[in-house]
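# Per-entry structural report
So you can see what is in the structure, the chains are spelled out below.
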Amino acid sequence: MGKCKNITRLLSDALDRRLTTREWVAIRLHLPTCSGCRNYRKQIRLLRVAAHAASGIEAPGAAASDD
Ligand SMILES: [Zn+2]
């Protein structure tokens, strides 16, 4: 499904930039229906925390705390 490709890209983008409301809506509508994308989100969050820990910078955790 092309949708998942789009959603995972947005989840990844969310680490680097602010998503638009429309983009968040697309994610919020899709995640409850798709365990694959939920797992992806979980994984990139862990990666992000690990990356920050490795560089000695505390993870802000602001952009992705939507639940
Ligand atoms: Zn999906």
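Note that this is a predicted model, so its numbers are computed, not measured. (Residues numbered from 1 in each chain as written. Predicted model: local features only at pLDDT ≥ 70, side-chain atom pairs only at ≥ 80, totals over all residues. Heavy atoms only, no water.)

When you go through the protein residue by residue, the secondary structure sums to 3 helices and 0 strands. Walking the protein from its N terminus toward its C terminus, one meets helices and strands in the order α-α-α. A buried classification covers 27% of the 67 residues belonging to the protein. In the protein, 44% of the contacts between residues at least 6 apart in sequence involve partners at least 24 apart. Accessible surface for the protein amounts to roughly 4,900 Å². Of this, 57% is attributable to carbon and sulfur atoms. (Helix = DSSP H or I, 4+ residues; strand = E, 2+ residues; numbered from the N terminus. Buried < 20%, exposed > 50% of the residue type's maximum accessible area, 1.4 Å probe, protein only. Contact = heavy atoms within 4.5 Å. Areas by Shrake-Rupley, 256 points an atom, 1.4 Å probe, with all protein chains shown as cover.)

Cys 4 (SG), His 30 (NE2), Cys 34 (SG) and Cys 37 (SG) make up the full set of protein donors to the zinc ion, lying at 2.0 to 2.3 Å. Read from N- to C-terminus, the donor residues coordinating the zinc ion fall into the pattern C-x25-H-x3-C-x2-C. Within this pair, whereas Cys 4 is found in helix H1 (residues 2-13), its partner His 30 is found in helix H2 (residues 21-30), the two being separated by 26 residues in sequence. The exposure class assigned to His 30 is buried, which follows from its relative accessible area of 6%. (Donors = N, O, S within 2.8 Å, 3.2 Å for Na, K, Ca; no water.)

By the definition in use, this model includes 3 salt bridges. Notably, a salt bridge pairs Arg 17 with Glu 23, separated by 3.1 Å at the nearest N-O pair. Given a relative accessible area of 35%, Arg 17 falls into the partly exposed group. One continuous salt-bridge network, built from bridges that share partners, spans Arg 9, Asp 13, Arg 17 and Glu 23. (Salt bridge = Lys/Arg side-chain N within 4 Å of Asp/Glu carboxyl O.)

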